[in-house]
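As a plain string of letters, each chain reads:
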Amino acid sequence: MHWGRQIIRRLLLGTGLGLVALTASVAVQAAAPAMVSVGVSESILRKGPGLSHEGLWSVPRGYPLQIVQRQSGWLQVRDFEGDRTWIRAAATSRTPHFIVKVPTANLRARPSTQSRVLGKLSYGTILQTLAHDNDGWVKVRQQPQGKTGWVAQRLLWGCLLYTS
């Protein structure tokens, strides 16, 4: 791990901002909520942890969910509207997705409000996360149409990197 110490030493000896950036990055990762997305074509969200519990509604592949708690192969989750339900852990995936949380969001050619609009995304549209930049933009693929572009992250709910 000698090379790791050299990198840290160079960061410290540089502008001093390296340590701040490294600390901020670790803090953001530690504070990020545990997220999953639906990993099957469709899954039923239930009132409790088990098949005997009432099915409330179904959600499609890619639908992002925040993990609240785990219980015997089931996850209690929260969706972008704040609803708490249960899903089988086996029906989830770590593939990151976002969902549009505003009435309309622009899908743009590049990560800029000055960039050409490729299309309009409506509330509840599911987007597979492809990349992100440090200026608050996320490159996404619209599900299931497949149109790709950039969206301002503040218009979305989900996570850049899922951990479960």
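The sections below set out a description of the structure shown in this document. Everything numeric in this text was worked out from a predicted model, so none of it was measured. (Residues numbered from 1 in each chain as written. Predicted model: local features only at pLDDT ≥ 70, side-chain atom pairs only at ≥ 80, totals over all residues. Heavy atoms only, no water.)

The residue arginine 46 is located in strand E2 (residues 42–46) in this model. Placed 41 residues apart in sequence, arginine 46 and isoleucine 87 show a C-alpha to C-alpha distance of 6.4 Å. Dropping the residues within four chain positions of it, arginine 46 is found in contact with Leu51, His53, Glu54, Gly55, Leu56, Trp74, Thr85 and Trp86. (Helix = DSSP H or I, 4+ residues; strand = E, 2+ residues; numbered from the N terminus. Contact = heavy atoms within 4.5 Å.)

Moving on, we come to the packing of aromatic side chains. Geometrically, a pair of aromatic rings is defined through the distance of the ring centres and the angle of the planes. Under the defined criterion, the tally for this structure stands at 2 aromatic pairs. Between tyrosine 63 and phenylalanine 80 the ring centres are 6.3 Å apart and the planes differ by 65°, which places this aromatic pair in the edge-to-face class. Within this pair, whereas tyrosine 63 is found in the loop between strand E3 (55–60) and strand E4 (64–71), its partner phenylalanine 80 is found in the loop between strand E5 (74–78) and strand E6 (84–88), the two being separated by 17 residues in sequence. Of the two residues examined, tyrosine 63 and phenylalanine 80, each falls in the buried class. Seen from their ring centres, phenylalanine 80 and tyrosine 123 are 5.2 Å apart, and the 50° between their planes marks the pair as tilted. You can see phenylalanine 80 sitting in the loop between E5 and E6 and its partner tyrosine 123 sitting in the loop between strand E10 (117–122) and strand E11 (126–132), a full 43 residues away along the chain. Put simply, the rings of Tyr63, Phe80 and Tyr123 pair up and form one aromatic cluster. (Phe/Tyr/Trp six-rings, centres within 6.5 Å; stacked < 30°, edge-to-face > 60°. Buried < 20%, exposed > 50% of the residue type's maximum accessible area, 1.4 Å probe, protein only.)

Take unusual backbone geometry next. Leave glycine aside and you will find that most residues have negative phi; peptide bonds, for their part, are mostly trans. Notably, serine 72 is not glycine yet its phi reads approximately 45°, a positive angle. The residue serine 72 is located in the loop between E4 and E5 in this model.

With 4 of 5 residues buried, strand E13 (residues 148–152) is to be regarded as a mostly interior element. Bridge analysis of strand E12 (residues 137–142) against E13 gives 5 bridges, and the strand direction is antiparallel. Within the sheet, the bridge partner assigned to valine 138 lies in E13 and is valine 151. Hairpin geometry of E12 and E13 is characterised by an intervening segment of 5 residues between the two adjacent antiparallel strands and by a positive phi of about 90° at glycine 146. (Pairing = 2+ DSSP bridges.)

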